[in-house]
Amino acid sequence: MMQDLTVGDSRKVLLQYTIPMFVSVAFQQIYNIADSMIAGKFAGKEALAAVGASYPITMIFMAVAVGCNIGCSVVISQLFGAKAYRKMKTAVFTTLSAGLLLSAVLTAVGLFTTPAMMRMIQTPDNIFMDGALYLRIYIGGFIFLFLYNVTTGMFNSMGDSRTPLYFLIGSSIGNILLDLLFVAVFHWGVAGVAWATFLAQGAACVLALLAFWRRLAQIKTEEKTQFFSLEVLKKIALVAIPSVLQQSFISIGNIFIQGLVNSYGSDVIAGYSAAVKLNTFLITGMTTLGNGISGFTAQNLGAGLPGRIREGYRAGIKMALGVTVPFFIGFFFFGKAMMLLFMENAGGRAMETGILFLRIVSPFYFVISVKLIADGILRGTESMRYFMIATFTDLILRVILAYLFSAWLEEAGIWMSWPAGWCVGTLLSIIFYGKVMNRLVEKKR
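What you are looking at is a predicted structure, and each value in this text was computed from that prediction instead of being measured.

Looking now at the overall build of the chain. A count of helices and strands for the chain gives 16 helices and zero strands. Taken over the C-alpha trace, the chain has a radius of gyration of 21 Å; the compact-globule value for 445 residues is 22 Å, and the two agree within 12%. Taken over the C-alpha atoms alone, the chain extends approximately 65 × 40 × 35 Å along its principal axes. When burial is assessed residue by residue, the chain has 59% of its 445 residues classed as buried. Counted over contacts in the chain with a minimum sequence separation of 6, partners at least 24 positions apart contribute 83%. Total accessible area on the chain is roughly 17,600 Å²; 69% of this is exposed by carbon and sulfur atoms.

Here you go:
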């Protein structure tokens, strides 16, 4: 169901719009966590480490998909909010055609460079082959991942956050069942985990594209739609490229950190791999709420309603802080129980590593959630320079401090770099949000 986000009570509209998006990403993270859980439980600690070792590389590919999702979503949201349906359709077709080419090129490059990327992050020899195998299968299915994310962004841009949820629930359940079949029954190990994701993502992609195509056909325009526009592509790129760079630089920073983690051996890798999956569950959820704020902001910007943008920001902050509370309680006070989802052994260095990571970073979830909501406003208003400054400052500071602190406190120092980077980045995002809103209000007058 398409929804106009420019009318109605801002808080209620935003809540109805973003809850399905948050539930969608929750299911997506559940099956990502299931990969690691099933690998660790049925294939052993080294299989868990192998899946975890390739994680920062897979996140680079995910970064491209998510960045393009944000780029097309912001532009299409503005056109939808302005009722410019012919231009909106042109933006959709332009996104899909450019996306097919981009995903094909990245797949070819990724398959060719897999061994080099695994060596770059100092993957230990005992998990190198399994890690490379997982990565190759993952990259082979990247086109499905990319097109599904872009299609989700286009659904969201027209106010429909529920339809992608249905596909993702089905995909998540299918992925977990295939994980169990391939790993627990067929004993395919790491390859089984990768193929389960490949097949589930592929099915979700095809079904989402078919559903979106039917939805688009319901929007009638008087003039014939242009199927590709360089002008529209440039407009999408102005938002997408900084978003891709932001996501990619975060992933590249994680590669540096992963390389640092890998130097401590497979036990620390396994503990970090499990804990960072739990951490990513919350961070990705907050990022998705921020993306929802971007869509809300873009539609209201297109309709010339800056007051609703400010209302959306306040409502978004309340939602984000409310969601953060149970994650903080679970990770800080019950970290051991969380880690036992991935591991059989309640003791050992791997368990200690994961618990320590969660206790250090989880109190600062309240800080990063505010940043991600403010970033959503910056993206939705196309204030990409501010957005990139705040994000890159956080990332660069986190990587530098990880190396400095680890020389003093070993792996605990790596985990301490997260809160430091988050605090500085959040302060910048809040300052930039204030500047942007003041500018929009003055322009309206």
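Here we come to the side chain of Ser103. Tracing the sequence through the fold places Ser103 in helix α4 (residues 85-120). Residue Ser103 is classed as buried on the basis of its relative accessible area, which comes to 0%. Ignoring any residue separated from it by four or fewer positions in sequence, one finds Ser103 in contact with Phe142, Ile143 and Phe146.

For the coordinates displayed, the defined rule picks out 27 aromatic pairs. Considering the side-chain rings of Tyr313 and Tyr433, the 3.8 Å spacing of their centres and the 20 degrees angle between planes classify their relative orientation as stacked. With Tyr313 in helix α11 (residues 306-333) and Tyr433 in helix α16 (residues 411-444), this pair connects stretches of sequence that are 120 residues apart. No difference in accessibility class separates Tyr313 from Tyr433, as the two residues are buried. An aromatic cluster is defined as three or more aromatic residues linked by ring pairs; in this entry it consists of Phe281, Phe327, Phe331, Tyr365 and Trp422.

Once that is clear, we can look at the pattern of salt bridges. Enumeration over the complete set of coordinates arrives at four salt bridges. Measuring nitrogen to oxygen at the nearest pair gives 2.4 Å for the salt bridge that ties Asp160 to Arg215. Taken together, the residues Asp160 in the loop between α6 (142-157) and α7 (163-185) and Arg215 in helix α8 (residues 190-217) connect sequence positions 55 residues apart. With its nearest N and O atoms 3.1 Å apart, the salt bridge here joins Glu411 to Arg349. Taken as a pair, Glu411 in helix α16 and Arg349 in helix α13 (residues 348-361) lie far apart in primary sequence, 62 residues in all.

Now for the nonpolar core. Counting 135 residues, the largest nonpolar core has Phe357 and Trp418 as the members making the most contacts within it. The residues touching Phe357, leaving out its near neighbours within four places in the chain, are Tyr272, Ala275, Val276, Asn279, Trp415 and Trp418.

The next thing to look at is the packing of helix α3 (residues 55-81) against helix α5 (residues 125-140). Axes are the key here: two packed helices are described by the angle between their axes and the distance separating the axes. The interhelical angle for the contact between α3 and α5, taken along N-to-C directions, is 10 degrees, at an axis separation of 10 Å. The orientation of α3 with respect to α5, classified from their angle, is roughly parallel. On α5, the residues that touch Ile57, Thr58, Phe61 and Met62 of α3 are Tyr134, Leu135, Tyr138 and Ile139.

Looking at the chain as a whole, its pLDDT mean stands at 84, while 94% of the residues score no less than 70. Of all the helices and strands in the chain, helix α2 (residues 45-53) carries the lowest mean pLDDT, 72, while helix α14 (residues 365-380) carries the highest, 92.

Here helix α10 (residues 266-302) spans 51 Å end to end across 37 residues, near enough to the 54 Å set by a 1.5 Å rise per residue. One or two residues past the end of α10 sits Gly304, with phi positive at roughly 70 degrees.

What follows is about the packing of α6 against α7. For the pair α6 and α7, the least separation of the axes is 9 Å and the interaxial angle reads 150 degrees. Considering their axes alone, α6 and α7 lie roughly antiparallel with respect to each other. Contacts from Tyr148, Thr152, Phe155 and Asn156 in α6 reach Thr163, Pro164, Phe167 and Leu168 in α7. Classifying every residue of the contact of α6 with α7 by side-chain character gives five nonpolar, three polar and no charged.

Here Arg379 lies in helix α14. With a relative accessible area of 4%, Arg379 lands in the buried category. A C-alpha to C-alpha distance of 32 Å links Arg379 and Gly413, two positions 34 residues apart in sequence. Setting aside its immediate chain neighbours within four residues, Arg379 contacts Ile70, Val74, Ser243, Thr287, Gly290, Asn291, Ser294, Met384 and Phe387. At a separation of 2.7 Å, a polar atom in the side chain of Arg379 contacts the side chain of Asn291.

Within the secondary structure layout, Pro56 lies in helix α3. Taking the C-alpha atoms as reference points, Pro56 and Ile121, separated by 65 residues in sequence, lie 9.1 Å from one another.

For His187, which is not glycine, the phi torsion reads 60 degrees and is therefore positive. Relative to the assigned elements, His187 resides in the loop between α7 and α8. Although it is not a glycine, Glu410 adopts a positive phi angle of roughly 60 degrees. Note that Glu410 resides in the loop between α15 (384-409) and α16.

Because an α-helix completes one turn every 3.6 residues, residues spaced three or four positions apart along the sequence face the same direction. If you check α15, its first and last C-alpha atoms are 36 Å apart, about what 26 residues at 1.5 Å a residue would give, namely 38 Å. Remark: Glu410 follows α15 within two positions and exhibits a positive phi of approximately 60 degrees.

We now examine a nonpolar patch on the surface. A cluster of nonpolar residues, Leu181, Val185, Phe186, Trp188 and Trp195, forms a patch on the protein surface that exposes about 480 Å² of accessible area. Relative to the helices and strands, Trp188 is located in the loop between α7 and α8.

The next subject is a positive patch on the surface. Residues Arg385, Lys435, Arg439 and Lys443 make up a contiguous surface patch of positive charge. Among the elements that take part in the positive patch, α16 stands out by supplying three residues, more than any other. With respect to the secondary-structure elements, Lys443 resides in helix α16. Owing to a relative accessible area of 72%, Lys443 belongs among the exposed residues under this scheme.

Rules behind the numbers
- Residues numbered from 1 in each chain as written.
- Predicted model: local features only at pLDDT ≥ 70, side-chain atom pairs only at ≥ 80, totals over all residues.
- Heavy atoms only, no water.
- Helix = DSSP H or I, 4+ residues; strand = E, 2+ residues; numbered from the N terminus.
- Rg over C-alpha atoms; globule rule 2.2 N^0.38 Å.
- Buried < 20%, exposed > 50% of the residue type's maximum accessible area, 1.4 Å probe, protein only.
- Contact = heavy atoms within 4.5 Å.
- Areas by Shrake-Rupley, 256 points an atom, 1.4 Å probe, with all protein chains shown as cover.
- Phe/Tyr/Trp six-rings, centres within 6.5 Å; stacked < 30°, edge-to-face > 60°.
- Salt bridge = Lys/Arg side-chain N within 4 Å of Asp/Glu carboxyl O.
- Core = buried A, V, L, I, M, F, W, Y, C linked by side-chain atoms within 4.5 Å.
- Axes fitted to C-alpha atoms, helices over the stretch in contact; angles between N-to-C directions.
- Parallel < 35°, antiparallel > 145°, perpendicular 65-115°, else oblique.
- pLDDT = per-residue confidence, 0-100.
- Expected span 1.5 Å × (residues − 1).
- Nonpolar A, V, L, I, M, F, W, Y, C, P; charged D, E, K, R; others polar.
- Polar contact = N/O pair within 3.5 Å; in protein donor to acceptor, adjacent residues only side chain to side chain.
- Patch = residues over 30% accessible without salt bridge, like charges linked within 9 Å, V, L, I, M, F, W, Y side chains within 5 Å.
- Lys, Arg positive; Asp, Glu negative; His and termini not counted.
- Charge placed at Lys NZ, Arg CZ, Asp CG, Glu CD.

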